[in-house]
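# Residue-level structure breakdown
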Amino acid sequence: MQTKEVVDQVTMKRALTRITYEIIERNHSIEDIVLVGIKTRGIYIAARIAERLKQLEDIEVPVGELDITLYRDDKKELAEGPELHSSDVPVSLEGKEVILIDDVLYTGRTIRAAMDAIMDLGRPRKISLAVLVDRGHRELPIRADYVGKNIPTSKAEEILVEMQELDGQDRIMILKEEE
């Protein structure tokens, strides 16, 4: 397997800061925003954005965790009994602007599942999408409202996001099977 680092720690921090500034610029009132991170790395990205919003705007934005395992339509493991994690959204989503947050946007299936899960939790006024990496190859008509980095890939490549909280470092790698 060939690996190539395409984003280092400093560049990742810049990308998250850019997303945070875009959220501030596009939303007149940050008070109605709820950040919802998709397990697993989306949760850490959401927490970092909330922390940056606190630093820049001195506002505490609620952060939720969303497990979409039961909502997936593309995972064979579901037939064998999925490993379930709990979702934890600390506030009502009724009338709120939910910003779904994930590490990598690829086919769009994860986001479709996340929207189904959100609608089961409440009826937000609006759902937006923030992703650290958009790698292309959509199978569904879904696009991100906030993108940290666009990293075009081939279908033979994979994007690996490593985060300090889980992996001990921040970086984004492209993995490719050796030919």
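In short, a report on the structure. (Residues numbered from 1 in each chain as written. Predicted model: local features only at pLDDT ≥ 70, side-chain atom pairs only at ≥ 80, totals over all residues. Heavy atoms only, no water.)

All right, on to the sheet that holds strand 8 (residues 171-176) then. Sheet architecture is open: three strands sit in the order 1-8-7, paired in antiparallel fashion. Strand pairing shows two members of the sheet lacking a second neighbour, strand 1 (2-7) and strand 7 (157-162), which therefore form its edges. Between one strand and the next, the sheet's axes are offset by a mean angle of 30 degrees, whatever the strand orientation. Sheet topology note: the strand 7/strand 8 ladder contains six bridges and is antiparallel. What sits directly across from L160, in strand 8, is M173. Where helix 1 (residues 9-26) meets the sheet, its contacts fall on strand 1, strand 7 and strand 8, and the angle it forms with strand 1 comes to roughly 50 degrees. (Pairing = 2+ DSSP bridges. Helix = DSSP H or I, 4+ residues; strand = E, 2+ residues; numbered from the N terminus. Axes fitted to C-alpha atoms, helices over the stretch in contact; angles between N-to-C directions. Contact = heavy atoms within 4.5 Å.)

All right, on to helix 3 (residues 109-121) then. Here helix 3 contains 13 residues, and its C-alpha end-to-end distance of 19 Å stays within 8% of the 18 Å for a straight helix at 1.5 Å per residue. For helix 3, the full list of buried residues reads T110, I111, A113, A114, A117 and I118. Around the axis of helix 3, the buried residues are gathered within 160 degrees of arc, so they sit on the same side. Elements that come into contact with the buried residues of helix 3 comprise strand 2 (33-38), strand 3 (63-66), strand 4 (97-105) and strand 5 (126-134). (Expected span 1.5 Å × (residues − 1). Buried < 20%, exposed > 50% of the residue type's maximum accessible area, 1.4 Å probe, protein only. Arc of directions from axis to C-beta.)

As a further point, take helix 1. With 18 residues, helix 1 should reach 26 Å at 1.5 Å per residue; the first-to-last C-alpha distance of 26 Å fits that figure. Among all positions of helix 1, only M12, A15, L16, T17, I19, T20, E22, I23 and I24 are buried. Two or three places before V10, at the opening of helix 1, D8 has a side-chain oxygen 3.3 Å from that residue's backbone nitrogen. (Polar contact = N/O pair within 3.5 Å; in protein donor to acceptor, adjacent residues only side chain to side chain.)

One pass over the full model with this rule turns up 13 salt bridges. D58 serves as the salt-bridge partner of K54, at 3.0 Å between the closest nitrogen and oxygen. As a salt-bridge pair, R109 and E139 come within 2.7 Å of each other at their nearest N and O atoms. Of this pair, R109 sits in helix 3 while E139 sits in the loop between strand 5 and strand 6 (146-150), placing them 30 residues apart in sequence. Judged by relative accessible area, R109 falls into the partly exposed class, the value being 21%. According to the relative accessible area criterion, E139 is partly exposed, its value standing at 47%. Linked through salt bridges whose partners overlap, the residues forming this network are E5, E162 and R171. (Salt bridge = Lys/Arg side-chain N within 4 Å of Asp/Glu carboxyl O.)

In strand 3, alternate side chains face the same way, and those of G64 and L66 are buried while those of V63 and E65 on the opposite face are not. Note that strand 2 and strand 3 share four bridges and pair parallel. Directly across from L35, in strand 3, lies its bridge partner V63. For the handedness criterion, the β-α-β arrangement of strand 2, helix 2 (residues 41-57) and strand 3 is classed as right-handed. (Right-handed = clockwise from strand over helix to strand, strands pointing away.)

Glancing now at the packing of helix 1 against helix 2. Interaxial distance between helix 1 and helix 2 falls to 9 Å at its minimum, and their mutual angle equals 60 degrees. When the interaxial angle is binned, helix 1 and helix 2 end up oblique. Here helix 1 runs over helix 2; the crossing is right-handed. Across the interface between the two elements, M12, L16, T17, I19, T20, Y21, I23 and I24 from helix 1 touch I45, R48, I49, R52, L53, L56 and E57 from helix 2. Here the contact of helix 1 with helix 2 is composed, by residue class, of 10 nonpolar, two polar and three charged. (Parallel < 35°, antiparallel > 145°, perpendicular 65-115°, else oblique. Left-handed = near helix turned anticlockwise from the far one by under 90°. Nonpolar A, V, L, I, M, F, W, Y, C, P; charged D, E, K, R; others polar.)

The final tally for this structure, using the stated rule, is zero aromatic pairs. Taking the ring centre of Y106 as reference, the NZ or CZ of R135 above it sits at 3.8 Å. (Phe/Tyr/Trp six-rings, centres within 6.5 Å; stacked < 30°, edge-to-face > 60°. Lys NZ or Arg CZ within 6 Å of the ring centre and 35° of its normal.)

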